[in-house]
Amino acid sequence: MITELNLSKMRTEYGLPVRYFLSANDAEIFMNDLIGSRVTIEYQHVINCISCGDVTRRSYMNGHCYKCYTTLPECDEGVFNPEKDMAHLGISRDMEWSKQYSLIDHYVYLAFTGDLKVGVTRYNQIPTRWIDQGAVAAIKFAKTPYRNLAGQIEVEMKKHLSDKTNWKMMLAMSKPNLDLVERKKYFLPMLPEDLRLYASYDDSVTEIVYPYDYKLANIKAVSLDTCDKISGVLAGIKGQYLLFDNGIALNVRSHSGYKVKLTVD
Ligand SMILES: [Zn+2]
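Here we summarise the structure given alongside this text. Since the structure is predicted, the reported quantities are computational estimates derived from the model, not experimental observations.

1. Side note on the overall build of the protein chain
Right, so step 1: Looking only at helices and strands, one finds 8 helices and 14 strands in the protein chain.
Right, so step 2: Radius of gyration (C-alpha) of the protein chain: 19 Å, near the 18 Å computed for a compact globule of 265 residues.
Right, so step 3: Its C-alpha atoms give the protein chain principal-axis dimensions of about 60 × 40 × 30 Å.
Right, so step 4: In the protein chain, which comprises 265 residues, the proportion classed as buried is 47%.
Right, so step 5: Carbon and sulfur atoms provide 48% of the accessible area of the protein chain, an area that totals close to 13000 Å².

2. Quick notes on the sheet that holds strand β5 (residues 38–47)
Right, so step 1: Taken together, 7 strands build an open sheet; the order of strands is β1-β14-β5-β11-β12-β13-β10 and the sheet is mixed. The open sheet is flanked by β1 (2–6) and β10 (220–222), the only strands paired with a single partner. This sheet shows a mean twist of 40 degrees between the axes of neighbouring strands, independent of strand direction.
Right, so step 2: Bridge count for β5 against strand β14 (residues 258–264) is 6 bridges, and the pairing is antiparallel. Note on β14: the bridge partner recorded for E42 is K261.

3. Here's the deal with the environment of I248
Right, so step 1: Structurally, I248 can be placed in strand β13 (residues 248–251).
Right, so step 2: I248 sits 192 residues away from T56 along the chain, and the two C-alpha atoms are 26 Å apart.
Right, so step 3: Apart from the residues lying within four places of it in its own chain, the contact partners of I248 are K220, V222, I230, L242 and L243.

4. A closer look at the coordination of the zinc ion
Around a metal, the ideal angle is 109.5 degrees if four donors adopt a tetrahedral arrangement and 90 or 180 degrees if six donors adopt an octahedral arrangement.
Right, so step 1: Looking at the metal site, the zinc ion is ligated by C49 (SG), C52 (SG), C65 (SG) and C68 (SG), spaced 2.3 to 2.4 Å from it.
Right, so step 2: For the zinc ion, the 4 donor atoms in the first shell make angles of 102 to 115 degrees at the metal, so the coordination geometry reads as tetrahedral.
Right, so step 3: Along the chain, the residues that donate to the zinc ion are spaced as C-x2-C-x12-C-x2-C. Of the two residues, C49 is situated in the loop between β5 and α1 (66–71) and C65 in the loop between β5 and α1; the sequence distance between them amounts to 16 residues.

5. Considering the pattern of salt bridges
Right, so step 1: Tallying each qualifying case throughout the model produces 14 salt bridges.
Right, so step 2: With its nearest N and O atoms 3.1 Å apart, the salt bridge here joins K99 to E96. Taken together, the residues K99 and E96, both in helix α3 (residues 95–101) and 3 residues apart, mark about one turn of the helix.
Right, so step 3: K99 gets classed as partly exposed once you look at its relative accessible area, which sits at 46%.
Right, so step 4: Notably, a salt bridge pairs K143 with D105, separated by 3.7 Å at the nearest N-O pair.

Definitions and limits used
- Residues numbered from 1 in each chain as written.
- Predicted model: local features only at pLDDT ≥ 70, side-chain atom pairs only at ≥ 80, totals over all residues.
- Heavy atoms only, no water.
- Helix = DSSP H or I, 4+ residues; strand = E, 2+ residues; numbered from the N terminus.
- Rg over C-alpha atoms; globule rule 2.2 N^0.38 Å.
- Buried < 20%, exposed > 50% of the residue type's maximum accessible area, 1.4 Å probe, protein only.
- Areas by Shrake-Rupley, 256 points an atom, 1.4 Å probe, with all protein chains shown as cover.
- Pairing = 2+ DSSP bridges.
- Axes fitted to C-alpha atoms, helices over the stretch in contact; angles between N-to-C directions.
- Contact = heavy atoms within 4.5 Å.
- Donors = N, O, S within 2.8 Å, 3.2 Å for Na, K, Ca; no water.
- Tetrahedral: all angles 85-135°; square planar, octahedral: opposite > 155°, others 65-115°.
- Salt bridge = Lys/Arg side-chain N within 4 Å of Asp/Glu carboxyl O.

Structural data, given as structure tokens:
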């Protein structure tokens, strides 16, 4: 199979293991099926903005051109830093967008992605968000009626926990080495009283299994900006990373918009 496509974040379906789909023009490639096959990805030195399609020299915020990056509501700073989302005060690049994406229920969660981290996501992005980050287990921590409030809780928790994922640790860990229910009970009392009101009563832990056997050593993340041809037997998929038998890891999401030729032997 040889096909040209613009890379985009792989769509996922929760299952044992997670199922991954890569959008290829009008179709989707079921990526789990490619594990065990030789896969070659050749960058064509073109990036098309994932929003407007224009060619852009640089990718901003996972595949946007500069114009979209500076004008679209989905590229506003409240997306990266939920506590800076001001939609609840009527301030937004696009209020209609915010009504759909900011002024809805959000969860603050604890996820094990190689280490314990805190994060914020819209209620309908569970467990997608956890899978995209490569979490092997996650628990809801708090539930809020809009994004900014979830951001305030995250800011409090960032005094104790990271909100970042270390990709090396994420790719190495297959199981959590701590009890998420216990950690949640430990951290909840640290919230100020007005925020503790939003604690989630749902103590179920979601465990996530990836199509990857954790057998690779010396994994090296590569960028298509510096290495325009990647080739190897696909050994597994975790988070948004394709993992090859030669230790190469490609973060598909961070190359959104990159035009590539994909060859599967
Ligand atoms: Zn654009």
